Amino acid sequence: MPKMWAGRFSKEVDETVNAFNSSIAFDGRMYEQDIRGSIAHATMLGDCGIIPKSDVAAILEGLNGILSDLQSGALHMDPTAEDIHMFVEAELTKRIGDAGKRLHTARSRNDQVALDIRLYLRDAVSELREQLHKLLHTLIAIAEQHTETIMPGYTHLQRAQPVTLAHHVMAYVWMLIRDSDRLQDAVRRMNLCPLGAGALAGTTYPINRQQTAAALAFDAPVPNSLDAVSDRDFCVEIASALSLLMVHLSRFSEEIILWCSWEFKFIELDDAYATGSSIMPQKKNPDVTELIRGKTGRVIGDLNTLLTMLKGIPLAYNKDMQEDKETIFDAIDQAMLCIKTFDPMLATMRVNKANMRAAAAKGFINATDCADYLVKKGLPFRDAYKITGGLVAKCIEQNLTLETLPIETYQAASPVFAEDVYQAIALETCLRGRISEGGPSPDAVAVQIARAKAAVEELIR
Ligand code: ARG
């Protein structure tokens, strides 16, 4: 494709440089946004009397034709074009002649590309958040079914205190609610229109930036033309919110991987969401969750790439910035893939309640409740803690649990103990007793589920 900037040059650009410089292979996906932006720009140029209305009509018709031809596949992008912006403009001029050459009046690719990425990310983040909200619905549905499913809660991966699967899953629900909120917040700050910033210093034409901003559903124009074309902080913010989202999915994935192991066997993945081994016939591997954990590193890498790309470049536009797109697109694509696969995998997994309950019955997760029993009978907590610690040591010695330890042993440790201790340390009692706000008792979890549902509704609105 001949270069639009050919006038100043006496030679064609070297082929390797052209291939190196070209971004159409990855910015081609913004063709729709590029055309939408051009339509708003051309309309404004006409309304401000900068180009004739008859040219505007030809431009709009031409652009709409290019759009539908690209959508239908009748038109293919030229892989040797420098970028999507040059390709669309050249195609337009090919179709409508001189009017096409007027489109780029009072505009630069620098404000154009800054616009296209914002438009693209606004749509992409909205799609991603929709998927995320579907995942939230799945998780809340799982929680609703398991408010009585007792499992051990862990600290240091050591059995600690009783929780339920509902309570555990709801912890992730709140993390993902915040992730959606962070993405929305990043979009809110991004939603200013760079169009009209020109290459860096605005323009001498009497343009109307308010008009293009409004036409493209932005809240306002970016207030500073240099800032408008120089920063990619919105990419960084979105990549950062996505990295954290991925970290949350990755932690959950790690737990699923553990829960699928023979050592835990808390859950079983549906055959459609697990994979086998090429050599070991017995294997059923949680590949999906492992890939999510792996891809989390990749998305964090994307965030690092963006920050490093930006940190040394002077104002205003520099070609380094072309690296923003592959990076942020990759972060979006990977997060989207992960959410879309994770959701049905979770929806179809089977929960082994008996194994969760059995794990909760071992490991002395009612020891705190045993100490609390003594506190309720008047002992200071530190003394109660020490006595219970001694009882746990006795259990380990004699291969017993607090439930099976004879009452004589209890009473030898403290005369305060009576038969009702067995009731007090029963797992169900320990769970139901945890009624503090945000705690795991079925009643408290029902309250948080209702709150989470309202919070998700709020995010969708
Ligand atoms: N393909 C370029 C990018 O993605 C578009 C902007 C080019 N501007 C320029 N002055 N060379 O950043």
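Above this note sits the structure.
Our subject in this report is the structure included herewith.

### A few points about the packing of helix H3 (residues 31-47) against helix H5 (residues 84-96)
And then number 1: Axis separation between H3 and H5 bottoms out at 10 Å; the angle between their running directions is 60 degrees. Taken together, the axes of H3 and H5 are oblique relative to one another. Note that H3 runs across H5; the crossing there is right-handed. Facing Tyr31, Asp34 and Ile35 of H3, the residues of H5 in contact are Ile84, His85 and Val88.

### A look at helix H14 (residues 353-361)
And then number 1: All of the buried residues along H14 are Met356, Ala359 and Ala360. Considered in projection along H14, the buried side chains sweep an arc of 100 degrees and stay on one side of the axis.
And then number 2: Elements in contact with the buried residues of H14: strand E1 (150-155), strand E2 (158-164), helix H8 (165-190), strand E5 (267-268), strand E6 (350-351) and helix H19 (427-432).

### Quick look at the site of the ligand
And then number 1: In the vicinity of the ligand, the contacting residues are Ser23, Asp27, Asp83, His85, Arg109, Asn110, Val113, Tyr317, Gln322 and Lys325.
And then number 2: Contact distances for the ligand include 3.0 Å between a nitrogen atom and a side-chain N or O atom of Asp83.
And then number 3: The contact in question runs from a nitrogen atom of the ligand to an N or O atom on the side chain of Gln322, over 2.8 Å.
And then number 4: Burial of the ligand by the surrounding chains reaches 86%, relative to a free accessible area of 340 Å².
And then number 5: Per-element tally for the shell around the ligand: the top contributor is helix H7 (residues 109-145), with 3 residues.
And then number 6: Tallied by class, residues from the shell around the ligand come to 2 nonpolar, 4 polar and 4 charged.

### Digging into the packing of H7 against helix H11 (residues 233-260)
Helix-helix packing: each pair is described by the crossing angle between the helix axes and the interaxial distance.
And then number 1: Running from N to C, H7 and H11 point in directions that differ by 20 degrees, and their axes come no closer than 11 Å. For the element pair H7 / H11, the angle class is roughly parallel. H11 is crossed by H7, and the crossing has left-handed handedness. Contacts from Ala114, Ile117, Arg118, Leu121, Val125, Leu128, Leu132, Leu135 and Leu139 in H7 reach Phe234, Cys235, Ile238, Leu242, Leu245, Leu249 and Phe252 in H11.
And then number 2: Partitioned by chemical class, the residues of the contact of H7 with H11 number 15 nonpolar, no polar and 1 charged.

### Comments concerning a nonpolar patch on the surface
And then number 1: There is a patch of nonpolar side chains on the surface, built from Leu200, Leu226 and Leu315 and spanning about 270 Å² of accessible area.
And then number 2: With respect to the secondary-structure elements, Leu226 resides in helix H10 (residues 225-230).
And then number 3: With a relative accessible area of 31%, Leu226 lands in the partly exposed category.

### Considering the pattern of salt bridges
And then number 1: Evaluated as defined, the whole model comprises 29 salt bridges.
And then number 2: A salt bridge links Asp47 to Lys53, with the nearest nitrogen and oxygen atoms 2.8 Å apart.
And then number 3: Looking at Lys53, the relative accessible area reads 53%, which means it is exposed.
And then number 4: A salt bridge links Arg189 to Glu237; its shortest N-O distance comes to 2.6 Å. Separated by 48 residues along the polypeptide, Arg189 in helix H8 and Glu237 in helix H11 bring together distant segments of the chain.
And then number 5: The class for Glu237 is partly exposed, based on a relative accessible area of 24%.

### Regarding the nonpolar core
And then number 1: Leu121, Ile238, Leu242, Leu249 and Leu346 are the most contacted members of the largest nonpolar core, which totals 77 residues.
And then number 2: Dropping the residues within four chain positions of it, Ile238 is found in contact with Leu121, Val125, Leu183, Ala186, Met190, Ile328 and Ile332.
And then number 3: Grouped together as the second largest cluster of nonpolar side chains are 23 residues, Ile24, Ala42, Leu67 and Ala81 included.

### As for the state of the cysteines
And then number 1: Overall, the coordinates contain 0 disulfides when judged by the stated rule.
And then number 2: Left unpaired, Cys193 is separated from the closest cysteine sulfur, that of Cys48, by 13 Å.
And then number 3: Taking relative accessible area as the criterion, Cys193 reaches 0% and is therefore assigned buried.
And then number 4: Not part of a disulfide, Cys395 finds its nearest cysteine sulfur in Cys370, a span of 8.7 Å.

### Observations regarding the pairing of E2
Residues in a regular strand point their side chains to alternate faces of the sheet.
And then number 1: Here E1 pairs with E2 via 6 bridges, running antiparallel. Bridged to Met151 within E2 is Val163.

### As for the packing of aromatic side chains
And then number 1: Taken as a whole and assessed by the stated rule, the structure comprises 10 aromatic pairs.
And then number 2: Judged by centre distance (4.1 Å) and plane angle (5 degrees), the rings of Tyr172 and Phe252 are stacked. Placement of the pair is Tyr172 in helix H8 and Phe252 in helix H11, with a sequence separation of 80 residues.
And then number 3: Ring geometry for Tyr373 against Phe417: centres 5.6 Å apart, planes inclined by 5 degrees, an arrangement best described as stacked. A residue pair is termed long-range when its members are at least 10 positions apart, and Tyr373 in helix H15 (residues 367-376) and Phe417 in the loop between helix H17 (407-413) and helix H18 (421-424) qualify at 44 residues. One exposure class covers both Tyr373 and Phe417, and it is buried.
And then number 4: In this structure an aromatic cluster arises from ring pairing among Tyr154, Trp259, Phe264 and Phe266.
And then number 5: Positioned above the aromatic ring of Trp262, the side-chain terminus of Lys265 is 4.5 Å from the ring centre.

The rules behind the values
Residues numbered from 1 in each chain as written. Predicted model: local features only at pLDDT ≥ 70, side-chain atom pairs only at ≥ 80, totals over all residues. Heavy atoms only, no water. Axes fitted to C-alpha atoms, helices over the stretch in contact; angles between N-to-C directions. Helix = DSSP H or I, 4+ residues; strand = E, 2+ residues; numbered from the N terminus. Parallel < 35°, antiparallel > 145°, perpendicular 65-115°, else oblique. Left-handed = near helix turned anticlockwise from the far one by under 90°. Contact = heavy atoms within 4.5 Å. Buried < 20%, exposed > 50% of the residue type's maximum accessible area, 1.4 Å probe, protein only. Arc of directions from axis to C-beta. Near = heavy atom within 4 Å. Polar contact = N/O pair within 3.5 Å; in protein donor to acceptor, adjacent residues only side chain to side chain. Areas by Shrake-Rupley, 256 points an atom, 1.4 Å probe, with all protein chains shown as cover. Nonpolar A, V, L, I, M, F, W, Y, C, P; charged D, E, K, R; others polar. Patch = residues over 30% accessible without salt bridge, like charges linked within 9 Å, V, L, I, M, F, W, Y side chains within 5 Å. Salt bridge = Lys/Arg side-chain N within 4 Å of Asp/Glu carboxyl O. Core = buried A, V, L, I, M, F, W, Y, C linked by side-chain atoms within 4.5 Å. Disulfide = S-S within 2.5 Å. Pairing = 2+ DSSP bridges. Phe/Tyr/Trp six-rings, centres within 6.5 Å; stacked < 30°, edge-to-face > 60°. Lys NZ or Arg CZ within 6 Å of the ring centre and 35° of its normal.

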